[in-house]
Amino acid sequence: MQLRYSFRLYPNTAQRMALARAFGCARVVYNDALRARETARSEGLAFPKTGDLSKQLITDAKRTPERAWLGEVSAVVLQQSLRDLDTAYRNFFDALKGKRPRVGAPRYKSRKDTRQAVRFTANARWSITAGGKLRLPKIGDLKVKWSRTLASTPSTVSVVKDSAGRYFASFVVQTGPEEILPETTPELGIDLGLGHFAVLSDGTKIDSPRFLRRAEKRLKKAQRALSRKEKGSKNRNEARTRVARAHARVADARREFHHRLSTKLIRENQAVAVEDLAVKALARTRLAKSVHDAGWSAFVTMLEYKATRYGRTFVRIGRFEPTSQVCSACGVKDGPKPLHVREWTCGACGTHLDRDINAAVNVAKAAGLAVTARGAQVRRGPVPAQRREAGTRPEPHPTTVRQTGIAFL
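Talk me through the sheet that holds strand 2 (residues 116-120); I want residue IDs and the actual numbers.
Reading across from one edge, 2-6-7-1-5-4-3 is the order of the 7 strands in this open sheet, with antiparallel pairing throughout. In the strand order of this sheet, the two ends are held by strand 2 and strand 3 (127-128), each with one partner. Taken together, the 8 bridges between strand 1 (residues 2-10) and strand 7 (residues 167-174) define a ladder with antiparallel strand orientation. Within strand 7, the position partnered with Gln 2 by the bridge is Gln 174. Along the sheet, helix 1 (residues 13-42) contacts strand 1, strand 2, strand 5 (140-145), strand 6 (157-161) and strand 7; its crossing angle with strand 2, the most-contacted strand, is approximately 90 degrees.

Listed below in structure tokens is the structure:
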């Protein structure tokens, strides 16, 4: 499978200026190509091909005084910008045909966009030097903070500048079967929630870190300072960067938590099952901030691709499975329960159940995993014997007892 690795870049002042030129030239070519295709569509002409646009907007445009500065950057960056537009159109047309989730039509890029990116292919002859620096054409040797070794030799590299003003080098590499882990016995069901981020079918409860909630005070202070700055001023741009960096720290901490937990669960279990949650619907409720803070979708995506990478089994059950309504010990469905009910006793078998652990066990059972209800059972409650089984005496006849003027049957 293909994996993407990102590493922090530290360009100097001259390299930042060269990257800014590359970002700007790629944006201009993208917008010119989009304008040419939109003009052809409005006039009823044929859809311009990528080869014709490349000759017109790159090769011929470099010879004109208005676009001569396109020659200051690598031509590969400009060609990849046209391919990005092709991908945007292809995704849009596939969405109209129902082949993929709905996406909008391609839109023009703005120079005020806080995120910029360019891509270099093997034709650009980029390389990693012996000293561990990333050598890019017409930009120079960039300092890279390597945190791990690449699994294979990448063919492309993307340079990204995010909203916080940080630079990253993004590589796509191919992994092989050598990463498949040896088989193990445990199989696990996971119930995701807000009180606890995850509750496992073995009874383990993982607290929710709530990174956004913990950083709210700092974020509010930075956003208040941003709102007081004059629009278009240098101070406002610096305040916007501080806000973006504060949000980036929250996002990075959440991503690190998701990676560590997902890797641990995949390595220790042969099969993992989760419930397909309606995250978009939950994000429209009063719990929206907490739902986004938890990041369930990102975590489940990590579980899925890591299961494929390491040779594990990943199962996603339907969102309409009554995992909180069924007793995991006897299988009796006793109906929905309010959210404040965290524990209850099954009326059929008398097992005292924890709501979250019971749901995790039912998630695993619905996925066909070999788990028991042992983790869901908190304690065995007393079960009153039936009248017929209470003793050997014959069933008494109803009698009337008079006490203080009230009859009891």
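Having put the structure on the table, let's press on.
Explain the side chain of Asn 31 to me, and be specific about the residues and the numbers.
Checked against the element boundaries, Asn 31 lands in helix 1. Taking relative accessible area as the criterion, Asn 31 reaches 11% and is therefore assigned buried. Not counting residues within four places of it along the chain, the set of residues in contact with Asn 31 comprises Tyr 108 and Lys 109.

Describe empty space enclosed by the protein, with residues and values.
The tally for this structure, following the rule as stated, stands at 1 cavity of 30 Å³ or more. Forming the boundary of the largest cavity are Ala 18, Arg 21, Ala 22, Glu 72, Val 73, Ser 74, Val 77, Phe 120, Pro 137, Lys 138 and Ile 139. Class assignment for the residues of the lining of the largest cavity results in 7 nonpolar, 1 polar and 3 charged.

I'd like a description of the packing of helix 1 against helix 2 (residues 50-59), backed by residues and values.
The relative placement of two packed helices is expressed as an angle between their axes plus a distance between the axes. Orientation of helix 1 relative to helix 2, taken along the N-to-C sense of each, is 125 degrees, at an axis distance of 11 Å. Regarding the angle of helix 1 to helix 2, the classification is oblique. Both helix 1 and helix 2 take part in a crossing whose hand is right-handed. Judged by residue contacts, Val 29, Asp 32, Ala 33, Ala 36 and Arg 37 of helix 1 engage Thr 50, Leu 53, Leu 57 and Ile 58 from helix 2. Classifying every residue of the contact of helix 1 with helix 2 gives 6 nonpolar, 1 polar and 2 charged.

Residue-level account of the packing of aromatic side chains, with values.
Applying the stated criterion to the full structure yields 11 aromatic pairs. Centre to centre, the rings of Phe 197 and Phe 257 are 5.2 Å apart; their planes meet at 75 degrees, and the pair counts as edge-to-face. Linking Phe 197 in strand 9 (residues 196-200) with Phe 257 in helix 6 (residues 234-268), this pair joins segments that are 60 residues apart in sequence. A single burial state applies to Phe 197 and to Phe 257, both of which are buried. Taken together, the ring pairs connect Tyr 5, Phe 7, Trp 126, Trp 146 and Phe 171 into an aromatic cluster. For the cation-ring pair, Arg 8 lies above Phe 168, with the distance from its terminal atom to the ring centre recorded as 5.8 Å. We note Lys 109 situated over the ring of Tyr 30; from NZ or CZ to the ring centre the distance is 4.3 Å.

Explain the pattern of salt bridges to me, and be specific about the residues and the numbers.
Oppositely charged side chains can form a pair if their charged atoms are brought close together. Following the criterion strictly, the structure yields 23 salt bridges and no others. In this structure, Arg 41 engages Glu 38 in a salt bridge whose closest nitrogen and oxygen atoms are separated by 3.1 Å. Here the residue Arg 41 and the residue Glu 38 both occupy positions in helix 1, the gap between them amounting to 3 residues, near one helical turn. Residues Arg 166 and Asp 252 are paired through a salt bridge, measuring 2.9 Å at the closest nitrogen-oxygen approach.

So what about the sheet that holds strand 8 (residues 187-192)? Which residues, and what values?
On the basis of which strands lie adjacent, the open sheet formed by 5 strands has the order 10-9-8-11-12 and mixed pairing. In the strand order of this sheet, the two ends are held by strand 10 (205-207) and strand 12 (313-317), each with one partner. Averaged over all adjacent pairs, the angle separating strand axes in this sheet is 20 degrees, with direction ignored. Examined bridge by bridge, strand 8 and strand 11 (residues 271-275) share 4 bridges and lie parallel to one another. When the bridges of strand 11 are listed, Gly 189 appears paired with Ala 273. Contacts from helix 10 (residues 355-366) reach strand 8, strand 9, strand 10, strand 11 and strand 12 within the one sheet, and its direction differs from that of strand 8 by about 130 degrees.

An account of a positive patch on the surface is requested, with residue identities and associated values reported.
On the surface, Arg 16, Arg 218, Arg 242, Arg 245 and Arg 249 cluster together to form a positively charged patch. Counting residues per element, the positive patch draws most heavily on helix 6, at 3 residues. You can see Arg 218 is positioned in helix 5 (residues 216-227). Judged by its relative accessible area of 42%, Arg 218 falls in the partly exposed class.

Got a sec to walk through the pairing of strand 9? Specific residues and values, please.
Every regular strand shows the same layout, with side chains that alternate between the two sheet faces. For strand 9, a buried count of 4 out of 5 residues is recorded, marking the element as mostly surrounded by other parts of the structure. Counting the residues that bridge the hairpin from strand 8 to strand 9 gives 3 residues. The pairing of strand 9 with strand 10 spans 3 bridges and is antiparallel. Considered in strand 10, the bridge of His 196 is made with Asp 207. Where strand 9 hands over to strand 10, the hairpin turn is made up of 4 residues, of which Gly 203 adopts a positive phi near 95 degrees.

Cut-offs and rules
One numbering rule holds for all chains: residues counted from 1, following each sequence as written. Only residues with pLDDT of at least 70 are given local features in this predicted model, and only at 80 or more are side-chain atom pairs given and counted; all residues enter the totals for whole chains, interfaces and linings. Water and hydrogen atoms play no part in the side-chain values, which are based on all heavy atoms of the structure. The pairing criterion for strands is at least two bridges between them, as found by DSSP. Helix and strand definitions here come from DSSP, where helices need a minimum of 4 consecutive H or I residues and strands a minimum of 2 consecutive E residues; each element is numbered from the N-terminal end. In what follows, a contact means two residues having at least one pair of non-hydrogen atoms within 4.5 Å. Axis lines are fitted through C-alpha atoms, for helices just across the contact stretch, and the angle between N-to-C directions can take any value from 0 to 180 degrees. Think of it in three bands: residues with accessible area under 20% of the maximum for their type are buried, residues over 50% are exposed, and the middle band is partly exposed, with areas taken using a 1.4 Å probe on protein chains only. Buriedness of a pocket was judged along seven lines, with at least five required to meet protein on both sides within 12 Å; pockets are open sets of points on a 1 Å grid over the protein atoms alone, cavities are sets where a 1.4 Å probe fits but cannot get out, and lining residues have an atom within 4 Å of a point. Grid points are joined across faces, edges and corners, and a volume is the space filled by probe spheres set on the points. Note on residue categories: nonpolar means Ala, Val, Leu, Ile, Met, Phe, Trp, Tyr, Cys or Pro, charged means Asp, Glu, Lys or Arg, and polar means any other residue, Gly included. Working rule for angles: under 35 degrees goes down as roughly parallel, over 145 as roughly antiparallel, 65 to 115 as roughly perpendicular, anything else as oblique. By convention, the crossing between two helices is left-handed when the near helix turns anticlockwise from the far helix through less than a right angle, and right-handed when the turn is clockwise. A pair of Phe, Tyr and Trp rings is counted when the ring centres sit within 6.5 Å of each other, with Trp represented by its six-membered ring. The angle between the planes then sorts it: under 30 degrees is stacked, over 60 is edge-to-face, the rest tilted. Geometrically, a charge over a ring is one whose NZ (Lys) or CZ (Arg) sits within 6 Å of the ring centre while staying within 35 degrees of the ring normal. Salt bridge criterion: a side-chain nitrogen from Lys or Arg within 4 Å of a carboxyl oxygen from Asp or Glu. For patch detection, residues must exceed 30% relative accessible area and be free of salt bridges, and they are connected within 9 Å for like charges or within 5 Å for nonpolar side chains (Val, Leu, Ile, Met, Phe, Trp, Tyr). In short, Shrake-Rupley with a 1.4 Å probe defines the accessible areas, and a residue's cover is counted only from the protein chains shown. All tallies of charge rest on Lys and Arg as positive and Asp and Glu as negative; His and the ends of each chain are not included. A charged residue contributes its charge at one atom only: NZ of Lys, CZ of Arg, CG of Asp or CD of Glu.

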